[in-house]
Amino acid sequence: MSSGFARSYKLFVGNLPWTIGSKELRTYFSKYGHVANAEVVFDRQLGLSKHYGFVVFSQRDAFNSASNQNTHFLEGRVLTVQRANESP
DNA sequence: GTTGAGCGTT
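Per chain, residues are indexed from 1 in the order of the written sequence. Working convention: letters from A go to chains and numbers from 1 go to ligands, in the order in which they are written. At least 70 in pLDDT is required for a residue's local features to be given in this predicted model, at least 80 for side-chain atom pairs to be given and counted, and no such filter applies to totals for whole chains, interfaces and linings, which use all residues. Side-chain numbers come from the whole structure's heavy atoms, not from hydrogens or water.

## Brief notes about the packing of aromatic side chains
Piece 1. Whether two aromatic rings pair depends on their centres lying within 6.5 Å, for rings of Phe, Tyr and Trp, where Trp uses its six-membered ring; planes under 30 degrees apart make the pair stacked, over 60 edge-to-face, and the rest tilted. Going through the model one piece at a time under the given rule, you end up with 8 aromatic pairs.
Piece 2. Taken together through their ring pairs, the aromatic side chains of Tyr28, Phe29, Tyr32 and Phe57 make up a single cluster.

If you want it as structure tokens, here you go:
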């Protein structure tokens, strides 16, 4: 079962609106629990968001709550949340 | 000012 206990609870968040930033992302996921770090990937060449980012939770409870829902809503848009590939 | 499919700038 794809189980995997990672050292950090990192989630890959995609389908982000163009108006969303790391702070907005952290604020949204902060509802589920304490967010250790949340950042949206930006293109250094263009300076625009890449429409996806990463959210790291400090507690498994927060990660569990967020991971329990694969579909999230932010600013009226649907966000795709998956576990990051960083740590298998 | 525009766009869109994906696992990254310090």
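## Structural notes on unusual backbone geometry
Piece 1. Phi at Asn15 is positive, roughly 65 degrees, even though this residue is not glycine.
Piece 2. The helix and strand labels rest on DSSP assignments: H or I over at least four residues marks a helix, E over at least two residues marks a strand, and numbering proceeds from the N terminus. Turning to its location among the elements, Asn15 is positioned in the loop between β1 (9-14) and α1 (22-29).
Piece 3. Notably, Glu75 is not glycine yet its phi reads approximately 55 degrees, a positive angle.

## Here we look at the sheet that holds strand β2 (residues 35-42)
Sheets are built from strands paired through backbone hydrogen bonds, the pairs being either parallel or antiparallel.
Piece 1. Pairing within the open sheet is antiparallel, and its 5 strands lie in the order β2-β3-β1-β5-β4. Looking at the sheet topology across the chains shown, the edges are occupied by β2 and β4 (71-74). Recorded for the sheet is a direction-independent mean angle of 30 degrees between the axes of neighbouring strands.
Piece 2. The contact criterion used throughout is that any non-hydrogen atoms of two residues lie within 4.5 Å. Angles run from 0 to 180 degrees between N-to-C directions of axes, and those axes are lines fitted to C-alpha atoms, restricted for helices to the stretch in contact. Most of the contacts of α1 go to β2, to which it runs at about 145 degrees, and overall it touches β1, β2, β3 (49-57), β4 and β5 (77-83).
Piece 3. Docked against the sheet, helix α2 (residues 60-67) engages β1, β3, β4 and β5, running at close to 30 degrees with respect to β1. The criterion for strand pairing is that DSSP finds at least two bridges linking the strands in question.

## A word on the side chain of His72
Piece 1. For His72, the position within the fold is in strand β4.
Piece 2. Within polar-contact distance, the side chain of His72 engages the backbone oxygen of Ala66 at 3.0 Å.
Piece 3. With residues near it in sequence (within four places) discarded, His72 still touches Tyr28, Phe29, Tyr32, Ala66, Arg77, Val78, Leu79 and Val81. The definition of a polar contact used here is a pair of N or O atoms within 3.5 Å, where within protein one atom must be able to donate a hydrogen and the other to accept one, and adjacent residues in sequence count solely through side-chain atom pairs.

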